[in-house]
Every structure is written in C-alpha cells, then in structure tokens.
Amino acid sequence: MFKVAARPLFSAAAIILLSAAPFIAAQAAENTDAEAASLALGEALFKERCASCHGADATGNGPAADALKVPPANLTEISKRSGGKFPAAHIVEVITYGGNIKAHGSGPMPVWGLVFSQEGGRGKIGAARSRQAIIGLKRYLESIQK
C-alpha cells in the first residue's frame with residue numbers, strides 16, 4: 001500500500017499572502033487617505049480658481065459668467081456630454097494646457113499647468129506641485145458628475 005502524505009493545511013504561498021495582508025491593508029488605507037487629500041485639494045482649487053466663472057456648484061453660473069462671450073460650461077455634466085464616461089485624460093489636458101476654449105476670451109483657457117508650476121517654484125518641485133493640483137482638480141470634477 002502506498003502512504004499518502006498529509007497535506008499541510010496552508011501552503012507556503014497562502015502563509016505568505018496572509019502575512020502580507022496587514023501591509024496590503026495599510027497601503028490601501030494610505031492610498032485612500034492620499035486620494036481624499038487630493039480630492040480636497042481639487043475642491044479648494046476649484047473654489048479659488050474656477051468658481052468665479054463656473055460657479056460654486058460648477059453649473060456655469062459664476063459671478064463672472066455674464067462677462068464672458070460664451071457662457072461657461074456646466075462641469076457637472078462632463079460625463080453626460082461624453083457618452084456617460086468621464087474623459088479623465090482629456091480633462092487633465094484641458095486643465096494643463098488650456099484646451100483652446102473660446103469662452104475664456106481671445107486666448108485659450110488659463111494654462112493652469114504653467115500657473116501651478118510657477119506658483120510651486122518651477123523646476124521639478126513646481127512640476128510636481130502642478131501635477132498634484134491638476135490631478136486634484138480632475139478628481140474633484142469627476143466626483144461632482146451627475
């Protein structure tokens with residue numbers, strides 16, 4: 001007769017995965033905290049930089065809206081205008097480079113990527129701060145979609 005060796009209750013791989021679980025959970029919590037901070041930054045920047053035209057509720061009814069040649073867009077309907085999907089890459093591009101939007105006067109929308117970089121001190125630090133601001137704004141806009 002052959003003897004069948006008893007199988008261990010947990011394989012080595014399972015033990016490794018179980019022992020890594022606290023680290024994975026901590027990383028997930030850290031990511032969630034970073035995303036929440038980014039969203040809060042985006043909301044604050046929106047209220048400071050965008051609400052004068054787009055309105056505090058982002059529907060295009062800001063106090064400066066009447067002075068514009070073309071009414072500001074309702075930013076709560078970006079996904080709706082894009083077939084139900086939020087166009088994250090396009091929004092980042094518009095915020096970063098201006099998007100050549102006629103409603104922003106004779107030139108394109110303010111080039112926020114450059115503005116945020118200059119305010120951050122230019123160079124690598126300015127570029128990093130610019131990316132943080134733009135991603136925060138993108139996250140905020142995504143969070144207010146109807």
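Heads up: the structure comes first, above all this text.
In what follows, the accompanying structure is described. Throughout, residues of each chain are indexed from 1 in the direction in which the sequence is written. Given that the model is predicted, a residue must reach a pLDDT of at least 70 before its local features are reported, and side-chain atom pairs must reach 80 or more before they are shown or counted; all residues, however, enter totals for whole chains, interfaces and linings. Only hydrogens and water are set aside; all other atoms, that is, all heavy atoms of the structure, feed into the side-chain values.

What to know about unusual backbone geometry
Positioned with a positive phi, Ala 58 is a non-glycine residue whose angle comes to about 65°. To qualify as a helix, a DSSP run of H or I must reach at least 4 residues; to qualify as a strand, a run of E must reach at least 2; elements of each kind are numbered from the N terminus. Looking at the secondary structure, you find Ala 58 in the loop between helix 1 (12-54) and helix 2 (78-81). We note that Arg 122 has phi near 60°; this positive angle belongs to a residue other than glycine. Its location among the elements puts Arg 122 in the loop between helix 4 (112-119) and helix 5 (123-143).

Some thoughts on the packing of aromatic side chains
The aromatic pairing rule takes the rings of Phe, Tyr and Trp, using the six-membered ring of Trp, and pairs them if the centres are within 6.5 Å, calling planes under 30 degrees apart stacked, those over 60 edge-to-face and the rest tilted. Following the criterion strictly, the structure yields two aromatic pairs and no others. Here the aromatic rings of Phe 46 and Tyr 140 are separated by 5.4 Å at their centres, their planes lie at 40°, and the arrangement is tilted. A residue pair is termed long-range when its members are at least 10 positions apart, and Phe 46 in helix 1 and Tyr 140 in helix 5 qualify at 94 residues. Pairing Trp 112 with Phe 116 gives two aromatic rings, centres 5.5 Å apart and planes at 25°, and the pair type is stacked. Taken together, the residues span about one helical turn, with Trp 112 and Phe 116 both in helix 4 at a distance of four residues. No difference in accessibility class separates Trp 112 from Phe 116, as the two residues are buried. To sort residues, take the accessible area from a 1.4 Å probe on protein chains only and compare it with the maximum for the residue type: under 20% means buried, over 50% means exposed, and anything in between is partly exposed.

With respect to helix 4
Listed in full, the buried residues belonging to helix 4 are Trp 112, Gly 113, Phe 116 and Ser 117. One face of helix 4 carries all of its buried residues, which in axial projection span an arc of 135°. Residue Gly 121 follows helix 4 closely and has a positive phi angle near 105°. Note that the arc is defined by the directions from the helix axis to the C-beta atoms.

Remarks on the pattern of salt bridges
When the charged atoms of two side chains lie near each other, side chains of opposite charge can form a pair. Basic side-chain nitrogens of Lys or Arg form a salt bridge, by our definition, when they fall within 4 Å of a carboxyl oxygen of Asp or Glu. Enumeration over the complete set of coordinates arrives at four salt bridges. Of the charged contacts, one joins Lys 47 and Glu 43 as a salt bridge, the two residues approaching to 3.0 Å between their closest N and O atoms. With Lys 47 and Glu 43 both in helix 1 and four residues apart, this pair spans about one turn of that helix. Residue classification places Lys 47 among the partly exposed residues on the basis of a relative accessible area of 47%. In this structure, Arg 49 and Glu 119 form a salt bridge, with 2.9 Å as the shortest nitrogen-oxygen distance. Here Glu 119 lies in helix 4 and Arg 49 lies in helix 1, a separation of 70 residues in the sequence. One salt-bridge network, in which partners are shared between bridges, spans Glu 48, Arg 49 and Glu 119.

Topic: helix 3 (residues 88-97)
Residues of helix 3 that are buried: Ile 91, Val 94, Ile 95 and Thr 96. At the exit of helix 3 stands Gly 98, carrying a positive phi of roughly 105°.

Thoughts on the packing of helix 3 against helix 5
Where helix 3 meets helix 5, the closest approach of the two axes is 10 Å, and the angle between their N-to-C directions is 130°. The orientation of helix 3 with respect to helix 5, classified from their angle, is oblique. Pair helix 3 / helix 5 crosses with right-handed handedness. Between helix 3 and helix 5, the contacting residues are Ala 88, Ile 91, Val 92, Ile 95 and Thr 96 on the first element and Ile 134, Ile 135, Leu 137, Lys 138 and Leu 141 on the second. Grouping the constituent residues of the contact of helix 3 with helix 5 by class yields eight nonpolar, one polar and one charged. Inter-axis angles, ranging from 0 to 180 degrees, are taken between N-to-C directions of lines fitted to C-alpha atoms, where helices are fitted over the stretch in contact. Should an angle fall under 35 degrees it is called roughly parallel, over 145 degrees roughly antiparallel, and 65 to 115 degrees roughly perpendicular, with every other angle called oblique. Handedness of a crossing follows from how the near helix is turned relative to the far one, being left-handed for an anticlockwise turn of less than a right angle and right-handed for a clockwise one. In what follows, residue pairs with any heavy atoms lying within 4.5 Å of each other are defined as contacts. Under the scheme applied here, ten amino acids are nonpolar (Ala, Val, Leu, Ile, Met, Phe, Trp, Tyr, Cys and Pro), four are charged (Asp, Glu, Lys and Arg), and all others, including Gly, are polar.

What to know about the side chain of Asn 74
Mapped onto the elements, Asn 74 comes out in the loop between helix 1 and helix 2. In protein, a polar contact means a hydrogen-donor-capable atom and an acceptor-capable atom, both N or O and within 3.5 Å, with residues adjacent in sequence counting only if both atoms are side-chain atoms; elsewhere, any N or O pair within 3.5 Å suffices. There is a polar contact of 2.5 Å between the side chain of Asn 74 and the side chain of Thr 76. Other than its neighbours up to four places away in sequence, Asn 74 contacts Ala 58, Thr 59, Gly 60, Arg 81 and Lys 146.

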